[in-house]
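# Observations on the three-dimensional arrangement
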There are 2 protein chains.
Amino acid sequence: MKPALPKGTRDFLPLQVARRKYIFNTIEKTFVKYGFLPIETPAMESLSTLTGKYGEEGDRLLFKILNNGDFLAGADSEALEARDSQKLIQSISKRGLRYDLTVPFARFVVMNQNEIQFPFKRYQIQPVWRADRPQKGRYQEFYQCDVDVIGSDSLMYEAELVSIYSEVFASLGIEVEIKINNRKLLFGIAECLGIEDKFVDMTVALDKLDKISEAQVVEELKGRGIEESITIEAISLIKSDNLKDFTEKFANSETGVKGVEELLKVMDYCKRIGIKDLIFDPSLARGLGYYTGCIFEVVLKKEKYHHISMGSLGGGGRYDDLTDIFGLNDMSGVGISFGAERIYDVLSELGLFPQDVEEMPSAIFLAMDDQSHEMAFDWTMKLRKIGISIDIYPEPAKFKKQMKYANARNFKFALIVGEQERNEGKVALKDLDTGNQELMDFEMLRRKLQK
Amino acid sequence: MKPALPKGTRDFLPLQVARRKYIFNTIEKTFVKYGFLPIETPAMESLSTLTGKYGEEGDRLLFKILNNGDFLAGADSEALEARDSQKLIQSISKRGLRYDLTVPFARFVVMNQNEIQFPFKRYQIQPVWRADRPQKGRYQEFYQCDVDVIGSDSLMYEAELVSIYSEVFASLGIEVEIKINNRKLLFGIAECLGIEDKFVDMTVALDKLDKISEAQVVEELKGRGIEESITIEAISLIKSDNLKDFTEKFANSETGVKGVEELLKVMDYCKRIGIKDLIFDPSLARGLGYYTGCIFEVVLKKEKYHHISMGSLGGGGRYDDLTDIFGLNDMSGVGISFGAERIYDVLSELGLFPQDVEEMPSAIFLAMDDQSHEMAFDWTMKLRKIGISIDIYPEPAKFKKQMKYANARNFKFALIVGEQERNEGKVALKDLDTGNQELMDFEMLRRKLQK
C-alpha cells in the first residue's frame with residue numbers, strides 16, 4: 001500500500017520541528033517571565049462540553065469520535081431509519097476533539113476551582129482540530145498558544161498582555177501594530193445611534209470592513225433593519241482615531257463612557273511602561289461573542305511589510321461570563337492568543353529564523369577501518385559523557401559515502417580517523433564549509449567542540 | 001451543566017505540567033546529545049494506515065473519527081440494515097487517532113524518504129490514544145517517547161540506545177536494570193528443540209513467565225501442540241545467565257549462533273564504554289511481532305526498590321521489516337521507548353522531582369494603595385525587561401487577601417510597598433518561609449532576584 005496523510009494534516013521534518021519549537025519557546029519564555037503557569041487539557045473532550053459553544057458552523061466543524069465497540073447497539077433507531085446523520089451523532093459519539101483552547105480552559109477552571117488560586121494566570125500551547133476545508137495556511141490540525149488570566153477585572157492585566165505581545169514580536173524580530181478597542185465603546189456607538197438592540201448585527205457587519213466595501217456593509221445592515229444613514233454614521237464614527245472624540249458623543253451611554261475610561265486606563269499603563277506599538281482602532285470589532293471589554297488584534301506593521309499580505313498574527317480580549325455555562329459565575333478574565341502557524345510563515349518569508357535553531361551536533365566522526373571506528377566510538381562516548389552533542393557514522397564505510405552523509409546532514413565538522421591519525425592518537429577535524437583540515441588530540445578536540 | 005472529562009483522560013495542573021516537562025526534557029536532552037533529530041506526525045492518521053497493524057485487539061482499541069457532514073449518505077447500506085457496527089465503520093470513518101508512534105514513524109520514513117538521510121536518527125515525544133479500559137496508571141490518552149534509528153544494521157546503535165537508557169535513568173536518579181536478549185537466540189532455542197514452526201507460540205507463552213506459573217506455560221503450549229518435556233527444556237534453557245552456554249547448543253542453528261554473536265558484540269560495546277547496568281536475560285521475549293534482533297527492557301533495580309511494584313519503564317529492539325508494509329524494503333532499524341507515565345509515578349513515589357521544577361517567579365509585588373501599585377507595576381516591568389520573572393497582585397486589595405494569595409501560590413518572597421516604603425523609594429522584601437523582612441531599593445532588589 002502507498003501511505004498517505006489525511007487531508008489538512010502534516011508531518012514535520014526535524015528542521016520544521018526545530019523552527020516551531022523556536023517560536024513556542026520564545027512565546028513561552030515570555031509567559032513565564034510574566035508569572036503565567038502552564039496547564040494541559042486532553043485532546044478529547046465530552047461532546048456535551050464542546051457542542052453549542054462555537055455556533056452552528058463550529059458544531060459542524062467539530063471532529064467527533066465514534067463510540068467504541070458495538071456503537072450501533074445504542075444508536076437512535078429513528079435517526080437511523082431516517083438516515084439522519086446529525087440526529088444520529090448524539091447516540092453513536094460522546095467525545096470530540098478539542099476545537100480551541102478557550103472552552104477547555106473554562107471547563108478546567110470550573111472543575112479545578114479548588115486546586116487553583118484566583119486570579120489564575122495560565123498559558124496553554126496545544127494542538128486543536130477543525131474539519132475546515134484545507135487551503136493554503138489553513139490546516140485541520142494546528143497549534144494554538146493562549147495566555148489568560150481569570151478571576152480579576154483589573155485592567156493592569158490588559159497592559160501585561162499588550163506588553164507580552166510587544167515583547168514576543170520584538171524577540172522574534174517582527175515589527176507589528178497592536179490594535180486595541182473596547183466592546184463597550186462599540187456598544188456606546190450603537191446606543192447613541194439608537195440601535196443597541198441590533199448591537200451584535202452591527203458588530204458582525206463592521207468586523208467585515210477590511211474584507212468587503214462600505215456599500216456592502218450598508219446593504220447587509222439594511223437587510224437587518226438598520227437604516228442606511230445610521231450605518232454611514234456608525235462607519236464614520238469608527239474612523240476616528242481620537243479616543244477623546246467619543247466622550248462627548250456618549251452623553252447618553254454609560255456603557256460607552258465606561259469603554260472610553262477602560263481604554264484610557266490601559267493606554268496610560270502602556271504609555272508608562274514605554275510601549276509604542278499600541279494603536280487605538282475603533283473599527284476593530286472581533287467576531288467572537290464572548291468579549292465584553294477591551295479587545296486586541298496584532299497585525300504586521302504596514303509601512304514596513306507592504307509586500308506581505310497576511311491576516312492577524314494574534315488577538316484576544318476581555319470576557320466576563322466565560323465560565324457561566326459550566327456553572328461558575330462572576331469570573332472576569334482577559335486573554336490573548338498567538339497565531340503560531342502564521343508567525344511561522346512570516347518568519348520563513350522574511351528569513352528571520354536564527355541560523356542555529358536546529359539542535360544537532362556540530363560534528364560527526366567518520367572512521368576508515370574497524371580499529372579506527374572503535375577509537376572514534378570511544379571518543380564519541382567520552383565527549384557525550386561530558387555533555388557534548390556529537391554523532392558518529394555507524395561503520396567504516398567508503399569515505400565518499402560517509403562524507404556524502406556528513407554533508408547532507410549539514411554537520412559543520414567531519415572528524416576523520418584513519419590508520420595514520422589513530423597511530424598518532426589524533427583525529428582530522430575537517431571544516432565542511434571551508435574544507436580546512438586540522439589534526440587534533442582529544443583535549444584539543446574537546447576544547448574546540450565545547451565552545 | 002456540570003462539566004466532566006471523558007473517562008481515561010486527564011487535566012494537568014501547573015505543577016504536574018512542570019514535572020512532566022522535567023521528565024521529557026531530561027529524555028530529550030540525552031536524545032539530542034546522541035545526534036537524534038525530532039519529528040512530529042499528526043494525531044489523526046488514515047484508518048488504512050493504522051488498521052491491521054496492532055492485531056485484532058489493537059483494531060478494536062483504535063479511536064475512529066466520524067466522517068464530517070452527512071456521513072450516512074456514504075454509508076454501507078447492507079451493514080446499516082444488518083446493524084453491523086464493525087462492518088459499517090469503513091464507510092463512515094476514514095480517520096483514526098494515532099495508537100503508537102511506531103507505525104506513524106514507518107509511514108513517515110516511507111513518505112519522506114527523499115527528504116531524510118539514512119541512517120535516519122529520530123526521536124518523537126507525542127501523545128497516543130487507546131480505547132483501553134481505564135484503570136490505575138492506564139489512560140486513554142498518554143505520551144510515548146520513542147527514539148529510533150533506521151537504515152543501518154550496525155550494532156553500534158544498540159549500544160548507543162543502551163547508553164541512552166543508562167544516562168537518562170541516572171539523570172533522573174532512578175537505579176535500573178537494562179535487560180537484553182535477542183530474538184535470534186530465542187529462535188535458536190526453538191530450532192534446537194525442533195519447534196521452529198511454533199516459534200511465535202513459544203515466544204508469546206515464555207513472555208508471560210513473569211505473570212503466570214511454569215505449569216501454566218506448559219499447559220498453554222501443550223494446547224498449541226508442544227510437548228511438556230520440550231517446554232520444560234525451553235524454560236530451563238532461558239534460565240541460564242551465561243551467554244556462552246548457548247553457543248554449543250546452537251550447533252545446528254545458524255540463526256541461534258548469529259543471535260549469540262550479536263549479543264556478544266553489543267555487550268562488548270557496552271562494556272567498553274563503562275555501562276554496568278546491562279544484564280543478559282534469555283527469558284526476555286517482548287510480545288511485539290516485529291522484532292528480529294536484540295530486544296531490551298528496563299525495570300527498577302530489584303534489590304534497591306523491592307517495595308515498589310512497577311512494570312517495565314521502557315523497552316525496544318531491532319526490527320528488519322518495519323517499513324515493508326508501506327512499500328520500502330531492506331530498512332533495518334532499532335529503537336527504544338520510555339514509559340513516561342510510569343517514570344512519573346516512580347519519581348513521585350520516591351520524591352525524586354527537583355524542588356525548583358516549576359518555572360515560576362520567586363517573588364510577587366503586593367501594593368497597599370493606588371500610588372504604591374503604580375510604583376510596583378513600574379518596578380515589575382523594569383525587572384521583566386531585564387529578564388527577571390516576577391509577578392504582581394493586580395490591585396491594592398486588603399493586605400491579608402494579598403498575603404493569602406502569595407502564600408497559596410508558593411512564592412518565596414513578597415515585595416511589599418506601602419506609603420512609607422514608597423516615600424523612601426524602597427520595597428520590603430519578606431521571605432515567606434522565615435518571615436524575615438528587609439528594605440531594598442531597586443538596585444538591591446535586582447541583585448537579589450537575579451541570583
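Before going into details, it helps to say that this report is about the structure given with it. This one's a predicted model, so the numbers in the text were calculated from it and none came from an experiment.

### Re the pattern of salt bridges
Residue and element names in this part refer to chain B.
- Under the counting rule described, the total for this entry stands at 62 salt bridges over all chains.
- Residue Lys304 is joined to Glu175 by a salt bridge in which the shortest nitrogen-to-oxygen separation is 3.3 Å. Here Glu175 lies in the loop between helix H7 (156-172) and strand E7 (176-182) and Lys304 lies in the loop between strand E9 (291-300) and strand E10 (314-319), a separation of 129 residues in the sequence.
- Take Lys304: its relative accessible area is 43%, and that puts it in the partly exposed class.
- Classification of Glu175 by relative accessible area gives partly exposed; the value is 34%.

### Digging into the sheet that holds strand E6 (residues 141-150) of chain A
All names here are of chain A.
- Spatial ordering of the open sheet is given by E1-E5-E6-E11-E10-E9-E7-E8, a layout of 8 strands whose pairing is mixed. Two strands bound the open sheet, and with one partner strand each, they are strand E1 (37-38) and strand E8 (278-280).
- Sheet analysis places E1 next to strand E5 (residues 120-129), joined by 2 bridges and oriented parallel. When the bridges of E5 are listed, Pro38 appears paired with Tyr123.
- Across the face of the sheet, helix H1 (residues 14-33) comes into contact with E5, E6 and strand E11 (333-338) while running at roughly 5° to E6.

### Considering the interface of chain A and chain B
- With 111 residues of chain A in contact, the opposing surface of chain B contributes 110 residues.
- Here chain A packs against chain B, burying approximately 9300 Å² in sum over the two surfaces, 60% of which is carbon and sulfur.
- Arg384 of chain B serves as the salt-bridge partner of Glu160 of chain A, at 3.0 Å between the closest nitrogen and oxygen.
- Applying the counting rule to chain A against chain B returns 48 residue pairs in polar contact (both at pLDDT 80 or more).
- With 7 residues, the single largest contributor to the side of chain A that touches chain B is helix H15 (residues 370-385) of chain A.
- Residues that form the side of chain A that touches chain B fall into these classes: 59 nonpolar, 20 polar and 32 charged.

### Details of the environment of Gly151 of chain A
All names here are of chain A.
- Counting through the fold element by element, Gly151 comes out in the loop between E6 and helix H7 (156-172).
- Given the relative accessible area of 29%, Gly151 is considered partly exposed.
- Along the sequence, Gly151 and Asp330 sit 179 residues apart, while their C-alpha atoms lie 7.8 Å from each other.
- Leaving out residues up to four positions away in the same chain, Gly151 has contacts with Phe118, Pro119, Met331 and Ser332.

### Thoughts on the packing of helix H10 (residues 214-223) of chain B against helix H11 (residues 228-237) of chain B
Residue and element names in this part refer to chain B.
- Two elements in contact, H10 and H11, have axes whose closest approach is 9 Å; the angle formed by their N-to-C orientations is 130°. By the criterion of interaxial angle, the relationship of H10 to H11 is oblique. As H10 packs across H11, the resulting crossing turns out to be right-handed. Of H11, the residues touching H10 (which contributes Glu214, Val217, Val218, Leu221 and Lys222) are Glu228, Thr231, Ile232 and Ile235.
- For the contact of H10 with H11, the per-class residue count stands at 5 nonpolar, 1 polar and 3 charged.

Calculation notes
Residues numbered from 1 in each chain as written. Chains lettered and ligands numbered in written order. Predicted model: local features only at pLDDT ≥ 70, side-chain atom pairs only at ≥ 80, totals over all residues. Heavy atoms only, no water. Salt bridge = Lys/Arg side-chain N within 4 Å of Asp/Glu carboxyl O. Helix = DSSP H or I, 4+ residues; strand = E, 2+ residues; numbered from the N terminus. Buried < 20%, exposed > 50% of the residue type's maximum accessible area, 1.4 Å probe, protein only. Pairing = 2+ DSSP bridges. Contact = heavy atoms within 4.5 Å. Axes fitted to C-alpha atoms, helices over the stretch in contact; angles between N-to-C directions. Buried area = accessible area lost by both parts, 1.4 Å probe. Polar contact = N/O pair within 3.5 Å; in protein donor to acceptor, adjacent residues only side chain to side chain. Nonpolar A, V, L, I, M, F, W, Y, C, P; charged D, E, K, R; others polar. Parallel < 35°, antiparallel > 145°, perpendicular 65-115°, else oblique. Left-handed = near helix turned anticlockwise from the far one by under 90°.

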